[in-house]
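Tertiary structure, described
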Amino acid sequence: MLPTRIISTSNPILSHSSTILNNFVNDNHQWKDVNIQAVLYDLRMGGEPHVELEMWSAPGQERPSFEHAVKQQFRPVKVGQMMGPSWTTHWFRVLVNIPKQFAGLPVEFHFDPSCEAMVWSNEGEPIMGLTGGNGGERHVEYLLTPCAKQEEEPRKFYVEVACNGLFGNGDYHQHPQDRAIYYRLSSADLVSPNKAAWSLYYDMQVISEMASRLPRESPRSWQALTAANDIVNVFEHSDLSTIDRAREIADKFFATESSPASHQVYAIGNCHIDTAWLWPFAETRRKTARSWSTQLKLMEDFEEYRFAASQAQQFEWLKLDYPSLFKRIQEKAQSGQFIPIGGTWVEMDCNLPSGESLARQFLLGQRFFKQHFGHTCDVFWLPDTFGYSSQLPQIVRLAGAKYFFTQKLSWNNINKFPNTTFRWIGLDGSSVLTHMAPAETYSAQCRPGELIDSIKKHKDIAYSNESLYLFGNGDGGGGPLRAMLERMRRMSDVDGIPRVKQAHPQEFYKHVDKTARELVSWKGELYFELHRGTYTSQSNNKLWNRQSEFLLRDAELLCTIAGFGSEESAFAYPAEEFTRLWKLVCLNQFHDVVPGSAINMVYRDSDKIYEDIIASANSIRQQALASICNPKDAKHLKGLTVFNTTGWMRSDIVAVPAALYSQFAELSSAVQIRSHDNAILVPVTNVPGCALQPVSANLVRAMQYPEHPACVAQSNDTFTLENRFVCVLFNSNGQITSFYDKKERRELVPKGSLSNVFELYDDVPLFWDAWDIEIYSLEKYQTLNGAVVVVVDQGPLVASISVRVPISDGSVLTQTISLAEHSPRLDFDCEIDWHENRKCLKVAFTWDINSDFATYETQYGVVQRPTHRNTTWDMAKFEVCAHKFADLSEFGYGVALLNDCKYGHSTLENTMALTLLRAPKAPDEHCDMGHHKFRYAIYPHTGSFNESSVVREAYQFNVPLLQLPIEIPPGNELTSNRPFFSISGARNVVLDTVKRAEDDEQSFVVRLYEAYGGHARALLTSRLSYSDVAKVNLLEEPLRDSEDGISALAHSKALEISFKPFEVVSLKFTI
């Protein structure tokens, strides 16, 4: 009888071929007693006397060390033991007696706790991680011996069980992550794997997927299908000799090599451990050890294997918690198998952190890698964050790197990003060679289909026939598994799919840089068309982030002045504490923490971290200020001294410290008693930048009543706030009906429109609750009207009204709207009790201004975005990120919307909106519930944005004048109003950072940037003595550009500095 062949294009049975092949390899079908699964193990034995188990459970959520755990009282347990609740730790003492039946065979210990675990040697060495359960991340095998002897000595070791899965505790969309879940020890067996059967299993995984994923018209697809079908026909589970015959068929198929002209894939293992997400920071410390120790074990068996790990914070944790493991990693880094990469402290969010925060990410990260691995990183590695600022190319280059990797834009939900390998050009013109893995994942599983996608989805293959391929289980760690590396070996050079080599990512970039044809360029931000809600979720977290950034800015500036300001100064610059605080700030800027997409446990931790940062930075700032303002003839509690930490002259209204009330309370009519707290308000005028100014009682006594005071009026249901600059009318709902610029004689609110309008939107995204605001949500909202409007302060320095806005039965907002006598800026101080379910609160302002774009602040500059939705690319930016301000300007006039902690903005035609609060329920079921305080302001200005002082005004809104209750007598040098640092000749240049140099107690660093997008030539002067100055990068290394744009003026201590548009300039001064 002739054989029947199903491998024919005309055979109807062909449609079932994939099912036939899947049934042959899968372990979750009814056929596993007769398919390849039936022969994968030669022997399995468990229970006593072969495996003896004892367990000790740590109290609460403690994570004790090995040294502590092994000293505790263990009790006997068996398979089936339950462990929990969630986030608890349980230590197992394991005694293994390998039976004689295993002689001559490899022996593995299979330990499945249904959660995560770490195997420790009896001597306390972390050996490898385990991941229990039945998911694709499952990894429960620990090799005891490659070949058992007839008589084996008993083996004792420990297993540390963490009661959480690789991705937390169950479905975070459905359940809180700190709920009580218990995990079952489902196996603790001695097992001998059949190596030949496993090899055939990996062969079939590759061949069968090539058959299904290659184009049906491809001859190679038919060859794969034929080979797989023949293997199925040859194999007989009851006859192990058929395994070798089946493998011969596979070997013949793999022997056909790929063409030298085929696509080249550079593969790199990774495990992308989120520093916090569905688990707290403390668990990440253990995840890192579990994941990386596992990779070291794999490197012993796969010498070609290369593994990359980023985030210096995780390396530092490992160094502290697992010093011997850290040393082993250093050794593998020397050999080139373990590759530290990325150059940053954590894989940070790139939307919300300030420019200086991004600079510190690289400063901390690159210094760590240089110190512990002997080199900095050339590749900025950020596969998973929610958008990429337009200043990143410049920051990356200034941090000593020149390449960039990500893949996140493949998640865009409106437009497909058009490039794969390209030159990314930033705001200032700096560029970095950028690649986005065409496999569109950082956790590939080493499957042929993923390699095929590396060709199909490569959008720049005409210019570069190479791509990067990241494989390994990620997010929760784990990393590559043995099965992945086995499949990778089979796919390295086989016809039908790209050639694959495991290599350092730097090798890929260097090859592309050298060989690629003219690559395309992308100018400006890499806007992520998803996860727009992360600009707003976890509002208080974002507030404390902003406060921490500015507190550290002030504290470093003042400590530098205190330490370098005079030769007699005994002030000790707290360099170690600043490093500690910046590490904490950078830690909380991880891309699932400050964006608001982590579980509640993480925010309980981050709240404590911010409390620590703010308390310490405040204390340091006050100590430095006291040191600066504390000459021998100073009189404590006898007057007031203010310090302006911005780089320009400013005037403001300050509240006198309570200790000085008695001195100022009975002074001239120029002071004012604030209504809500009875604070005494005093005008402070023309305080130079980076300088002190005394505010004595005598000075205030001599002040006259303001010629044009701020005032408030009520007429029926209309309330008016007015000063010499503007007149603002409000209706009985607290909404602005008129905003009139007196000098320009211009009405800003169009007839029939309103501003300061609160809008409550339904906020139910498609999938990612805390992450997403969807465009369709903008169609469904209600306008909130104020219920009560009352006059609060009547001037002369500040006039204000209060508006109470009911939101729902559980939520209410109270707003104080203030106008000071010296400025056209209108301030809104808000307090809100917020208890909503999937709602989003915005405030909107409609202006009589016509512009096709709005201007938004980003790190070290601004970015312009459309106010229309002409194209899908415009439409996708219906919610965008900005820092301290957004501005809408036309020729001759504009209005800026300032804020002190909000980042979500939108501008559609002539309506600007600021997103205030959201109420998602996953992964943190308590997200943003409770009490909030925040501020925003309206700042009208003549001229377009580029002609305005919006950048300075936004700084001032976030950086108040500092006060100290000290009177400095006239004639003292400190009262001379001479700035410690000053910038002149270029109002578009911002003095952003002053700090002591790293590793150099005799130097300090000044960082400035051009803020508007134009050239500048600025004069920088300093009262601090110095002998030399050099232009440096963010790592404080000299720049080798012979034309550094710095020149010293003759007969002056001033430096003339040239700036290109949006350029960041760092100067190192040596005393």
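Refer to the structure printed above.
Residues numbered from 1 in each chain as written. Predicted model: local features only at pLDDT ≥ 70, side-chain atom pairs only at ≥ 80, totals over all residues. Heavy atoms only, no water.

1. So, the overall build of the protein
Rule in force here: Starting at the N terminus, helices and strands are each numbered in turn, a helix being any DSSP run of H or I of at least four residues and a strand any DSSP run of E of at least two. With the radius of gyration taken over C-alpha atoms, the globule rule is written as 2.2 Å times the number of residues to the power 0.38. Using a 1.4 Å probe on the protein chains alone, a residue whose accessible area is under 20% of its type maximum counts as buried, one over 50% counts as exposed, and one in between counts as partly exposed. Here, two residues are considered to be in contact whenever any of their heavy atoms come within 4.5 Å of each other.
Counting secondary structure elements, the protein contains 20 helices and 56 strands. Compactness check: the protein gives a C-alpha radius of gyration of 33 Å against a globular reference of 31 Å for 1071 residues, within 12% of the reference. Principal-axis analysis of the C-alpha atoms gives the protein an extent of 115 × 65 × 65 Å. Across the 1071 residues of the protein, 61% fall into the buried class. Across the protein, every contact between residues at least 6 apart in sequence was considered, and the portion connecting residues at least 24 apart equals 74%.

2. Some points on the side chain of Asp-189
Note the threshold: Polar contacts here mean pairs of N or O atoms no more than 3.5 Å apart (in protein, one a potential hydrogen donor and the other a potential acceptor; neighbouring residues in sequence count only if both atoms are side-chain atoms).
As for its position among the elements, Asp-189 is in strand 12 (residues 187-193). Within the structure, Asp-189 has its side chain in polar contact with the side chain of Arg-44 (distance 3.2 Å). With near-sequence residues (within four places) excluded, Asp-189 lies in contact with Arg-44, Met-45, Gly-46, Glu-108, Phe-109 and His-110.

3. Points about the packing of aromatic side chains
Note the threshold: When two rings of Phe, Tyr or Trp (its six-membered ring) have centres within 6.5 Å they constitute a pair, described as stacked for plane angles under 30 degrees, edge-to-face for angles over 60, and tilted for the intermediate range. Geometrically, a charge over a ring is one whose NZ (Lys) or CZ (Arg) sits within 6 Å of the ring centre while staying within 35 degrees of the ring normal.
Inspection of every chain in the model, using the stated rule, returns 67 aromatic pairs. Where Trp-292 meets Phe-315, the ring centres are 4.6 Å apart and the plane angle is 45°; that geometry is what we call tilted. With Trp-292 in helix 6 (residues 281-301) and Phe-315 in helix 7 (residues 312-321), this pair connects stretches of sequence that are 23 residues apart. Both residues of the pair, Trp-292 and Phe-315, belong to the buried class. Members of the aromatic cluster, joined through ring pairs, are Trp-292, Tyr-305, Phe-307, Phe-315, Phe-326, Phe-338, Trp-345, Phe-368, Phe-369, Phe-373, Tyr-469 and Phe-471. Note that Arg-220 overlies the ring of Phe-253, its terminal NZ or CZ placed 3.8 Å from the centroid. We note Arg-1023 situated over the ring of Phe-980; from NZ or CZ to the ring centre the distance is 4.3 Å.

4. As for the nonpolar core
Note the following rule: In plain words, nonpolar cores are sets of buried Ala, Val, Leu, Ile, Met, Phe, Trp, Tyr and Cys residues tied together by side-chain atoms within 4.5 Å.
Ranked by internal contacts, the top residues of the largest apolar core, which has 264 residues, are Leu-826, Trp-847, Tyr-936 and Phe-981. Among the elements that make up this core, the one with the highest residue count is helix 16 (residues 600-628) (12 residues).

5. As for the pairing of strand 39 (residues 839-846)
Looking along a regular strand, one sees the side chains alternate between the two faces of the sheet. We apply this condition: We call two strands paired when DSSP finds no fewer than two bridges between them.
Here strand 39 lies mainly inside the structure; seven of its eight residues are buried. Pairing of strand 33 (residues 755-762) with strand 39, which is carried by seven bridges, proceeds in the antiparallel orientation. The partner of Leu-760 across the bridge, within strand 39, is Leu-841. The sheet contact formed by strand 39 and strand 46 (residues 911-918) spans seven bridges and is antiparallel. In the sheet register, Val-843 faces strand 46, and the bridge partner there is Leu-914.

6. Points about the pattern of salt bridges
Inclusion rule: The rule for a salt bridge is simple: a side-chain nitrogen of Lys or Arg has to be within 4 Å of a carboxyl oxygen of Asp or Glu.
This model, assessed by the stated rule, comprises 60 salt bridges. The residue Glu-283 makes a salt bridge to Arg-63 at a minimum N-O spacing of 2.8 Å. Of the two residues, Glu-283 is situated in helix 6 and Arg-63 in the loop between strand 2 (51-57) and helix 2 (66-69); the sequence distance between them amounts to 220 residues. What makes Glu-283 buried here is its relative accessible area of 0%. Take Arg-63: its relative accessible area is 24%, and that puts it in the partly exposed class. Across the salt bridge formed by Lys-884 and Glu-857, the nearest N and O atoms sit 3.0 Å from each other.

7. A few points about helix 8 (residues 323-335)
Under the convention used in this document: In this analysis, the expected span of each helix is defined as 1.5 Å times one less than the number of residues it contains. In this description, the arc belongs to the directions extending from the helix axis to the C-beta atoms.
Counted at 1.5 Å a residue, the expected span for helix 8 with its 13 residues is 18 Å, and the 19 Å between its end C-alpha atoms agrees. Where helix 8 is concerned, the buried positions are Leu-325, Phe-326, Ile-329 and Ala-333. The arc enclosing the buried residues of helix 8, seen along the axis, measures out at 100°, which places them on a common side. Looking at helix 8, the residues exposed on the side facing more than 90 degrees away from the buried face are Lys-327 and Gln-334. Its buried side turned inward, helix 8 meets strand 8 (126-131), helix 6, helix 7, strand 15 (338-340) and helix 9 (355-373).

8. Describing the pairing of strand 28 (residues 711-715)
In the sheet, strand 28 pairs with strand 29 (residues 718-722) via five bridges, with the strands oriented antiparallel. Bridging from a neighbouring strand, Cys-711 pairs with Glu-722 of strand 29. Joining the antiparallel neighbours strand 28 and strand 29 is a turn of two residues, in which Asn-716 adopts a positive phi near 55°.

9. Observations concerning the sheet that holds strand 3 (residues 75-77)
What counts, and what does not: Between the N-to-C directions of two axes lies an angle of 0 to 180 degrees, each axis being a line fitted to C-alpha atoms and, for a helix, fitted only over the stretch in contact.
Taking strand neighbours across the sheet as the criterion, the six strands line up as 3-2-5-10-7-8 in an open arrangement whose pairing is antiparallel. The open sheet terminates on both sides in strands that have one partner only, identified here as strand 3 and strand 8. Pairwise comparison of adjacent strand axes, ignoring direction, gives a mean angle of 30° for this sheet. Bridge analysis of strand 5 (residues 89-96) against strand 10 (residues 155-162) gives eight bridges, and the strand direction is antiparallel. The residue bridging Thr-89 from the neighbouring strand is Ala-162, located in strand 10.

10. Comments concerning the packing of helix 3 (residues 195-213) against helix 5 (residues 241-254)
Here is the rule: Each angle gets one of four labels, with under 35 degrees taken as roughly parallel, over 145 as roughly antiparallel, 65 to 115 as roughly perpendicular, and the rest as oblique. It is the rotation of the near helix from the far one that decides the hand of a crossing: anticlockwise by less than a right angle makes it left-handed, clockwise makes it right-handed. Each residue gets one label: Ala, Val, Leu, Ile, Met, Phe, Trp, Tyr, Cys and Pro are nonpolar, Asp, Glu, Lys and Arg are charged, and the others, such as Gly, are polar.
Their axes nearest at 10 Å, the elements helix 3 and helix 5 cross at an angle of 40°. The orientation of helix 3 relative to helix 5 falls into the category oblique. By crossing handedness, the relation of helix 3 to helix 5 is classed as left-handed. Within the contact between the two elements, helix 3 uses Ala-196, Ala-197, Ser-199, Leu-200, Asp-203, Val-206, Ile-207 and Met-210 and helix 5 uses Ile-243, Asp-244, Ala-246, Arg-247, Ala-250, Phe-253 and Phe-254. When the residues that make up the contact of helix 3 with helix 5 are grouped by side-chain class, the tally is 11 nonpolar, one polar and three charged.

11. Let's talk about the sheet that holds strand 25 (residues 672-673)
A sheet is described by the order of its strands in space; here three strands give the open sequence 24-26-25, paired in antiparallel fashion. Two strands in the sheet have a free side with no partner beyond their single neighbour: strand 24 (650-655) and strand 25. The sheet contact formed by strand 24 and strand 26 (residues 680-687) spans five bridges and is antiparallel. The residue of strand 26 that forms the bridge with Arg-650 is Val-687.

12. Considerations on unusual backbone geometry
Cis geometry is adopted by the peptide bond preceding Pro-85, which originates at Gly-84 and carries an omega value of 0°. With respect to the secondary-structure elements, Pro-85 resides in the loop between strand 4 (82-83) and strand 5. Even without being glycine, Cys-446 reaches a positive phi, approximately 60°. Checked against the element boundaries, Cys-446 lands in the loop between strand 19 (431-436) and helix 11 (448-456). Accessibility expressed as a relative area gives 0% for Cys-446, which makes it buried. We note that Asp-928 has phi near 65°; this positive angle belongs to a residue other than glycine. Along the chain, Asp-928 falls in the loop between strand 46 and strand 47 (930-942).

13. Focus on the environment of Gly-449
You can see Gly-449 is positioned in helix 11. The spatial distance from the C-alpha of Gly-449 to the C-alpha of Val-206 is 9.3 Å, given a sequence separation of 243 residues. Setting aside chain neighbours within four positions, we find Gly-449 in contact with Glu-209 and Arg-213.

14. Digging into a nonpolar patch on the surface
Rules: Like charges within 9 Å and nonpolar side chains (Val, Leu, Ile, Met, Phe, Trp, Tyr) within 5 Å are joined into patches, using only residues over 30% in relative accessible area that form no salt bridge. What sets the accessible areas is the Shrake-Rupley method with a 1.4 Å probe; for residues, cover comes only from the shown protein chains.
Together, Leu-766, Phe-767 and Tyr-776 line one region of the surface with nonpolar side chains, adding up to about 350 Å² of accessible area. Tracing the backbone shows Tyr-776 in the loop between strand 33 and strand 34 (781-784). The exposure class of Tyr-776 is partly exposed, given its relative accessible area of 35%.

15. Quick look at the state of the cysteines
Condition: When the sulfur atoms of two cysteines come within 2.5 Å, that pair is taken as a disulfide.
Counted under the stated rule, the structure contains zero disulfides. For the unlinked cysteine Cys-840, the closest cysteine sulfur is that of Cys-927, found at 11 Å. The buried category is assigned to Cys-840, whose relative accessible area is 2%.

16. Overview of the environment of Ala-401
One can find Ala-401 in the loop between helix 10 (392-398) and strand 17 (403-406). Residue classification places Ala-401 among the buried positions, given a relative accessible area of 4%.

17. Details of the packing of helix 3 against helix 12 (residues 482-491)
Look at helix 3 against helix 12: their axes get within 9 Å of each other, and the N-to-C directions meet at 65°. The two elements helix 3 and helix 12 meet at a crossing, and its hand is right-handed. Taking contact as the criterion, the partners of Ser-199, Tyr-202, Asp-203, Gln-205 and Val-206 in helix 3 are, on helix 12, Ala-483, Glu-486, Arg-487, Arg-490 and Met-491. Residues of the contact of helix 3 with helix 12, tallied by class, amount to four nonpolar, two polar and four charged.

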